[in-house]
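# Descriptive structure summary
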Amino acid sequence: MSTLFHKLMHGFSADLFDGFECVVGYGDAQGVGVSIQGVHKYFGDKHVLKGIDLEVQPGETFSIIGPSGTGKSVLLKHIVKLINPDQGQILIGGQDVYAPPNDEPTNYRYSMVFQTSALFNSLTVGENVGLWLRENRICKESRIKQIIAEKLRMVGLEGTESMMTYELSGGMKKRVAIARSLAMSPNLILYDEPTAELDPVTSDELARVIIDLRKSMNMTSIIVSHDLNFALYLSDRVAMIHNGEIVEVGTPAQIKASQNPLVRDFIYTTTKGIKGD
Ligand SMILES: Nc1ncnc2c1ncn2[C@@H]1O[C@H](COP(=O)(O)OP(=O)(O)OP(=O)(O)O)[C@@H](O)[C@H]1O
Ligand SMILES: [Mg+2]
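A quick note: this is a predicted structure, and the numbers were derived from the prediction, not measured.

Two measures describe an aromatic ring pair: the distance that separates the ring centres and the angle between the ring planes. In the structure shown here, the tally under the stated rule is two aromatic pairs. Taken together, a centroid distance of 6.4 Å and an interplanar angle of 35° make the contact between Tyr 26 and Trp 132 tilted. Note that Tyr 26 is positioned in the loop between helix 1 (3-8) and strand 1 (34-43) and Trp 132 in helix 3 (residues 125-135), a separation of 106 residues in sequence. Residues Tyr 26 and Trp 132 agree in their burial class; the two are buried.

Here it is, written out as structure tokens:
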């Protein structure tokens with residue numbers, strides 16, 4: 001299986017089982033706070049992130065919006081350790097992601113939902129969702145089956161265990177990818193452009209899935225999107241990034257009322273067509 005997948009399905013393995021036939025510590029994970037402090041990133045001469053500061057609260061649904069090429073995905077990749085910062089720090093649950101103390105195990109799990117869904121085509125839906133649990137022997141087999149059914153139900157795909165990925169629509173694939181992330185019982189879930197390639201109706205359905213998860217689980221969610229309406233609809237707070245800098249942070253109502261010209265411009269172009277039309 002892909003190494004990228006393993007890197008992002010970041011968790012633990014142990015053989016101590018709890019009363020529910022799973023490894024101790026698996027279960028309804030609490031959300032962790034994410035603190036991004038003064039993060040700079042250069043690619044050659046290109047200064048892509050220019051001192052990013054952000055505080056995401058435990059359990060919060062937080063979106064990062066902004067035009068294409070402004071550094072949203074690069075920022076997300078810093079949080080999941082796919083890209084190292086040139087300067088600055090990132091703390092998850094109070095632990096420094098890039099300088100973990102040697103003797104202290106990571107006390108959180110995170111999972112990322114990719115833009116492409118990144119499902120394994122040779123596996124069924126159920127096998128995709130249960131992969132991490134089985135590979136790491138997190139639960140006994142009978143319990144794994146229950147968890148797969150439960151996570152598929154949470155994303156509105158009850159009973160689809162035996163389907164193959166080629167039988168799924170784009171929106172369904174996205175939801176399977178979310179179910180696969182949920183199966184880890186993550187403290188933090190990250191989405192890169194969840195509505196990319198989805199039509200407006202399917203995007204709305206996906207937004208409702210994420211809103212429902214907010215009610216039923218305690219994890220922290222970070223969503224990167226250029227879909228402003230989607231972000232405003234489902235987020236507790238939204239940050240706008242422009243040209244590698246955070247230009248505004250606030251609740252959806254505060255973002256809508258912002259007088260910052262960069263924010264107003266973004267709202268204008270994404271809701272009323274191309275400026276100048
Ligand atoms: N590995 C890399 N090497 C060199 N440059 C990179 C790399 N990754 C990203 N960049 C550059 O960093 C800038 C920000 O890219 P990023 O992917 O974060 O944009 P984005 O805001 O996610 O855009 P979009 O909305 O189109 O996904 C771009 O100019 C991109 O070319
Ligand atoms: Mg991107």
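Continuing now.
Quick look at the environment of Arg 175 now. By the secondary structure assignment, Arg 175 is in helix 5 (residues 170-182). Along the chain, Arg 175 and Leu 152 lie 23 residues apart, while their C-alpha atoms are 8.1 Å from each other. With near-sequence residues (within four places) excluded, Arg 175 lies in contact with Val 155, Gly 156, Leu 157, Glu 205, Leu 206 and Val 209.

Now for the state of the cysteines. Disulfide: a covalent bond connecting the sulfur atoms of a pair of cysteines. Summed over all chains, the structure comprises one disulfide. Disulfide partner of Cys 22: Cys 139, at an S-S distance of 2.1 Å. Because the torsion about its S-S bond is 105°, the bridge between Cys 22 and Cys 139 counts as right-handed. With Cys 22 in the loop between helix 1 and strand 1 and Cys 139 in the loop between helix 3 and helix 4 (141-154), this pair connects stretches of sequence that are 117 residues apart. The exposure class of Cys 22 is buried, given its relative accessible area of 2%. The exposure class of Cys 139 is buried, given its relative accessible area of 6%.

If you look at the biggest cluster of nonpolar residues, it comprises 39 residues, and the most contacted ones within it are Tyr 26, Leu 133, Cys 139, Ile 178, Leu 182, Tyr 191 and Leu 213. Contributions of two or more residues to this core are made by helix 3, helix 4, helix 5, strand 7 (188-192), helix 6 (200-216) and helix 7 (228-234). Per-element tally for this core: the top contributor is helix 5, with six residues. Residues within four places of Leu 182 in sequence aside, it is in contact with Lys 151, Met 154, Val 155, Ile 189, Leu 213, Met 217 and Met 219.

Glancing now at the sheet that holds strand 3 (residues 61-65). Taken together, six strands build an open sheet; the order of strands is 6-7-8-3-9-10 and the sheet is mixed. The strands lining the two open edges of the sheet, one partner per strand, are strand 6 (110-113) and strand 10 (245-250). Going from strand to strand, the sheet's axes swing by 15° on average, the running direction of each strand aside. With five bridges connecting them, strand 9 (residues 237-242) and strand 10 associate as antiparallel partners.

The rules behind each value
Positions within a chain are numbered from 1, following the residues in the order the chain's sequence is written. Chain letters start at A and ligand numbers start at 1, both assigned in the order the entries are written. Restriction of local features to residues with pLDDT of at least 70 applies here, the model being predicted, together with a cutoff of 80 or more for giving and counting side-chain atom pairs; totals for whole chains, interfaces and linings are based on all residues. Calculation of side-chain values draws on the structure's entire complement of heavy atoms; hydrogens and water are dropped beforehand. For this analysis, a ring pair means two rings from Phe, Tyr or Trp (six-membered ring only for Trp) whose centres lie within 6.5 Å, classed as stacked if their planes differ by under 30 degrees, edge-to-face if by over 60, and tilted for the remaining angles. Counting from the N terminus, the helices are the DSSP runs of H or I reaching at least four residues and the strands are the DSSP runs of E reaching at least two. Each residue's exposure class comes from its accessible area (1.4 Å probe, protein chains only) as a fraction of the maximum for that residue type: buried when under 20%, exposed when over 50%, partly exposed otherwise. In this analysis, two residues are considered to be in contact whenever any of their non-hydrogen atoms come within 4.5 Å of each other. A pair of sulfur atoms, both from cysteines and within 2.5 Å, is called a disulfide here. Within this scheme, the nonpolar core is defined by two criteria: the residues are buried Ala, Val, Leu, Ile, Met, Phe, Trp, Tyr or Cys, and they are joined through side-chain atoms within 4.5 Å. Two strands qualify as a pair provided DSSP detects at least 2 bridges between them. An axis is simply a line fitted to the C-alpha atoms; with a helix, the fit covers only the stretch in contact. Between two such axes, the angle follows the N-to-C directions and lies from 0 to 180 degrees.

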